[in-house]
Amino acid sequence: MFRDKAIETLSSEGLQKLQIERLQQTLKRAQSVPFYRERCKEIGIAPHDIQTYDDVRKLPFTTKKDLQEGYPFGFLAVPMSEVVRIHTTSGTTGKPTVVAYTAEDLESWSELIARNLTMAGMTSDDIFQNMVNYGMFTGGLGFHYGSEKIGAVTIPSATGNTHRQIEMLSDFGVTAIHCTPSYAMRIVEVVEEMGMSLPKLKYGLFGAEPWSEAVRAELEKRLGVEAFDSYGMSELFGPGVAFECPEHDGLHIWHDAYYVEIIDPKTGENLPPGVRGELVVTPLLKYAMPLLRYRTGDITMLMPEPCPCGRGMRIARLTGRTDDMLIIRGINVFPSQIEHIVMQIPGVGDQFMVTIERVNHLDEMSISVEITDDVFNGELDQLTKLQSRLVDELKERLELRTTIRLVERGSLPRFEGKAKRVIDLREGM
Ligand code: DLL
């Protein structure tokens, strides 16, 4: 199902014309931001110099650090009187990043979310429970307005009080949910503990953090939903940047709203489709805070093959960020890879936690893994076998030796928002 078929399936010539026009307009708007005015002057580039995609490569990158240095309002391109909303990102260090929206920005943003929900198959007949934080996090209000736009009944349940959430899911006949995949795993667990089932539930929209195909399979099986991956980030409005269609093979990125490139994070050089690198995005419809070539820190690749659904270019599922990559004894590992390996093994429960320490100058990784009740209460032999299987699989697939601790279901922390599954105790980490 399409919300705007003409735009969603625009041919490459039509798209190029639209994108170049919007890139020029974006560069024009960016001239109101001293940071960009100075950078563009240094390079000697003006909006009409952008005539082809190659010209875009002359534009400066913008980093999260640049935005933090502009805290709070250094990147505003409009007078404050035109700003109608502010969100911030939850920076783990230093000041948060402020993102601001004009009324036009909010309209574009909710339209993009509406497009995603329609692509998933949702209509005004759906009842949608939005189980993410409604505060400064963009996931809550972002999805809220998009869902109202398609006319779905929208329940702003936010996070917390999992029992009450589940009662609402059941009592209100909810057909679609949105939350982080970690919280969805928690919901599944409590639904099962309560001995309930949610037969009306059809769509599970999950995002805001990396999640594996193994978790998708668990959620689809145990919640009875079709699970859709949803990608976005606050600096690019919030959620709604890219979303899966019912083919579930990569995420469609909305090219009328975002110009995307993939670069080598070390050299900044552009990489061709099919090669993984850092996603760089120039939003095309942002007014309050236009951005040029924003380095997302997220790792993905462009998928050149056309999608059977008829929509444009896709990006591959996001495996992690350049900055959450763990380097353990010189080997690069993403927490999502560990998740994928561990969760596929029968007898493993829903949660794990990685700890990295430096022992005698060597990195040591240990993983606590929750196991299912039957394994926990079963024979010792079964436990030993499971433990060795985990060690062997991780050794084979990651080429890393790990220590595995099998723990009882319920002993590791649960998350309502984004999960934190790595504790890095090495100095300077
Ligand atoms: O997480 C916006 C969002 C809300 C997206 C709800 C999807 C659903 P931030 O808090 O600014 O914004 O975090 C953005 O989260 O750079 C990625 O590293 C990560 N991320 C978001 N979606 C995905 C995903 C929101 N589907 C950061 N897969 C991004 C992997 C994701 N990582």
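Quantities reported herein were computed from a predicted structural model and do not represent experimental measurements. (Residues numbered from 1 in each chain as written. Predicted model: local features only at pLDDT ≥ 70, side-chain atom pairs only at ≥ 80, totals over all residues. Heavy atoms only, no water.)

(A) Representation of the overall build of the chain. Assigned secondary structure in the chain consists of 13 helices and 21 strands. Taking 429 residues into account, the globule formula puts the C-alpha radius of gyration at 22 Å, and the chain, at 22 Å, falls close to it. Projected onto its principal axes, the C-alpha coordinates of the chain cover approximately 70 × 55 × 40 Å. When contacts within the chain are restricted to residue pairs at least 6 apart in sequence, long-range pairs at least 24 apart make up 65% of them. A total of about 18800 Å² of accessible surface is found on the chain, and carbon and sulfur atoms cover 52% of it. Here the chain carries 47 positive and 61 negative side-chain charges, and the mean point of each set is 3 Å from the other. (Helix = DSSP H or I, 4+ residues; strand = E, 2+ residues; numbered from the N terminus. Rg over C-alpha atoms; globule rule 2.2 N^0.38 Å. Contact = heavy atoms within 4.5 Å. Areas by Shrake-Rupley, 256 points an atom, 1.4 Å probe, with all protein chains shown as cover. Lys, Arg positive; Asp, Glu negative; His and termini not counted. Charge placed at Lys NZ, Arg CZ, Asp CG, Glu CD.)

(B) Examining the site of the ligand more closely. Around the ligand, 19 residues are found, and the nearest of them are Asp 229, Ser 230, Ser 234, Asp 298 and Lys 418. Measuring from a nitrogen atom of the ligand, one finds a backbone N or O atom of Ala 208 at 3.1 Å. A distance of 2.8 Å separates an oxygen atom of the ligand from a polar side-chain atom of Lys 418. In isolation the ligand offers 610 Å² of accessible surface; the protein chains occlude 94% of this area. Secondary-structure elements contributing two or more residues to the shell around the ligand are α7 (138–149) and β7 (226–233). Element by element, the count of residues in the shell around the ligand is highest for β7, at five residues. Residue composition of the shell around the ligand, grouped by class: seven nonpolar, seven polar and five charged. (Near = heavy atom within 4 Å. Polar contact = N/O pair within 3.5 Å; in protein donor to acceptor, adjacent residues only side chain to side chain. Nonpolar A, V, L, I, M, F, W, Y, C, P; charged D, E, K, R; others polar.)

(C) Molecular detail of the sheet that holds strand β21 (residues 422–424). Ordered in space as β20-β19-β18-β21, the four strands form an open sheet in which the pairing is mixed. For this open sheet the edge positions go to β20 (402–407) and β21, each flanked by a neighbour on one side alone. If you compare each strand with its neighbour and ignore which way they point, the axes differ by 15° on average. When strand β18 (residues 348–359) meets β21, the two strands line up parallel, connected through three bridges. Bridge pairing in β21 places Ile 356 opposite Asp 424. Its contacts with the sheet put helix α11 (residues 335–343) on β18, β19 (362–371) and β21, and the angle it makes with β18 is roughly 135°. Relative to β20, helix α13 (residues 380–398) is tilted by about 145°, and along the sheet it contacts β18, β19 and β20. (Pairing = 2+ DSSP bridges. Axes fitted to C-alpha atoms, helices over the stretch in contact; angles between N-to-C directions.)

(D) View of the packing of helix α9 (residues 181–193) against helix α10 (residues 213–223). Axis separation between α9 and α10 bottoms out at 10 Å; the angle between their running directions is 35°. Between α9 and α10 the crossing geometry is left-handed. Listed contacts from α10 to Pro 181, Ala 184, Met 185, Ile 187, Val 188 and Glu 192 of α9 are Val 215, Glu 218, Leu 219, Arg 222 and Leu 223. Residues that form the contact of α9 with α10 fall into these classes: eight nonpolar, no polar and three charged. (Left-handed = near helix turned anticlockwise from the far one by under 90°.)

(E) Main features of the environment of Glu 192. Within the secondary structure, Glu 192 is located in helix α9. Given a relative accessible area of 40%, Glu 192 falls into the partly exposed group. In sequence terms Glu 192 and Tyr 287 are 95 residues apart; their C-alpha atoms lie 46 Å from each other. (Buried < 20%, exposed > 50% of the residue type's maximum accessible area, 1.4 Å probe, protein only.)

(F) Region of the structure containing the domain arrangement of the chain. Taken domain by domain, the chain holds domain 1 (69–323) and domain 2 (334–424). The distance between the C-alpha centroids of domain 1 and domain 2 comes to 28 Å. Each side of the interface is counted separately: domain 1 has 25 residues, and domain 2 has 17 residues. Across the domain 1/domain 2 interface, buried area totals approximately 1600 Å², and carbon plus sulfur atoms make up 52% of it. The largest share of the area that domain 1 buries against domain 2 comes from Ser 182, Glu 189 and Ala 214, three residues that together contribute 24% of it. Scanning the region where domain 1 abuts domain 2 turns up four salt bridges. (Domains from an automatic or database assignment. Buried area = accessible area lost by both parts, 1.4 Å probe. Salt bridge = Lys/Arg side-chain N within 4 Å of Asp/Glu carboxyl O.)

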